[in-house]
Amino acid sequence: MEMASSNPRSVEDIFKDYSGRRSGIIRALTYDVDDFYALCDPEKENLCLYGHPNDTWEVTLPAEEVPPELPEPALGINFARDGMNRKDWLSLVAVHSDSWLLSVAFYLGARFNRNERYRAGIVCKCQILLIYV
């Protein structure tokens, strides 16, 4: 699997990485939706939707390396495709993709020291999440 690698070294780099990946996923689920739908054949193995930092997307098998370089997106997005209404299936993929984008951003931000994490707002967001759990 050829994935666009990213090694953000600042808060701004993580934001650019997140924005590029998000743009790629949005493109897959909107402009390229027919191509995306066709690639998610339920007869294939567990497929994942990857957004890349360069605003592109890819449907492929999950990374074979253990542990993977980044958190993995939802596995098996193709299995529910024919069993659901198309719009509902795309919404489900979008929700899983959104969660994956946040997990990648948090994963990349975990390398930062306390001051950098605070600057990124990660500490504040975690505290807010803990209040509501």
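Treat the numbers as computed from the prediction; the structure is a model and nothing was measured.

### Here's the deal with the packing of aromatic side chains
- Within this structure, the stated rule accounts for four aromatic pairs.
- For the ring pair Phe-36 and Trp-57, a centre distance of 5.9 Å and an interplane angle of 80 degrees mean the geometry is edge-to-face. Of this pair, Phe-36 sits in helix 2 (residues 33-39) while Trp-57 sits in strand 2 (residues 57-60), and the two are 21 residues apart along the sequence.
- By relative accessible area, which is 0% here, Phe-36 ends up buried.
- When the ring of Tyr-50 is compared with that of Trp-100, the centres are 6.0 Å apart and the planes differ by 90 degrees; the resulting orientation is edge-to-face. Here Tyr-50 is found in strand 1 (residues 48-51), whereas its partner Trp-100 is found in helix 3 (residues 86-109), with 50 residues between them in sequence. Across this residue pair, the class does not change: Tyr-50 and Trp-100 are buried.
- Above the ring of Tyr-37, the side-chain terminus of Arg-86 is found at 4.4 Å from the ring centroid.

### Observations regarding empty space enclosed by the protein
- Across all of its chains, the model carries one cavity of 30 Å³ or more by this definition.
- Quantified by volume, the largest cavity comes out at close to 30 Å³.
- In terms of lining, the largest cavity is formed by Leu-49, Pro-73, Ala-74, Ile-77, Val-93, His-96 and Ser-97.
- Considering each element in turn, the lining of the largest cavity owes the most residues, three residues, to helix 3.

### Notes on the nonpolar core
- Ranked by internal contacts, the top residues of the largest apolar core, which has 25 residues, are Leu-29, Phe-36, Leu-49, Val-59 and Val-93.
- Looking at this core, the elements with two or more residues in it are helix 1 (11-29), helix 2, strand 1, strand 2 and helix 3.
- No other element matches the eight residues that helix 3 contributes to this core.
- Discounting chain neighbours no more than four positions away, the residues touching Phe-36 are Ala-28, Leu-29, Leu-49, Trp-57, Val-59, Ile-77, Trp-89, Leu-90 and Val-93.

Conventions and cut-offs
- Residues numbered from 1 in each chain as written.
- Predicted model: local features only at pLDDT ≥ 70, side-chain atom pairs only at ≥ 80, totals over all residues.
- Heavy atoms only, no water.
- Phe/Tyr/Trp six-rings, centres within 6.5 Å; stacked < 30°, edge-to-face > 60°.
- Helix = DSSP H or I, 4+ residues; strand = E, 2+ residues; numbered from the N terminus.
- Buried < 20%, exposed > 50% of the residue type's maximum accessible area, 1.4 Å probe, protein only.
- Lys NZ or Arg CZ within 6 Å of the ring centre and 35° of its normal.
- 1 Å grid on protein atoms, 1.4 Å probe; cavity = no way out; pocket = protein on both sides within 12 Å on 5 of 7 lines; lining within 4 Å.
- Points joined across faces, edges and corners; volume = space filled by probe spheres on them.
- Core = buried A, V, L, I, M, F, W, Y, C linked by side-chain atoms within 4.5 Å.
- Contact = heavy atoms within 4.5 Å.

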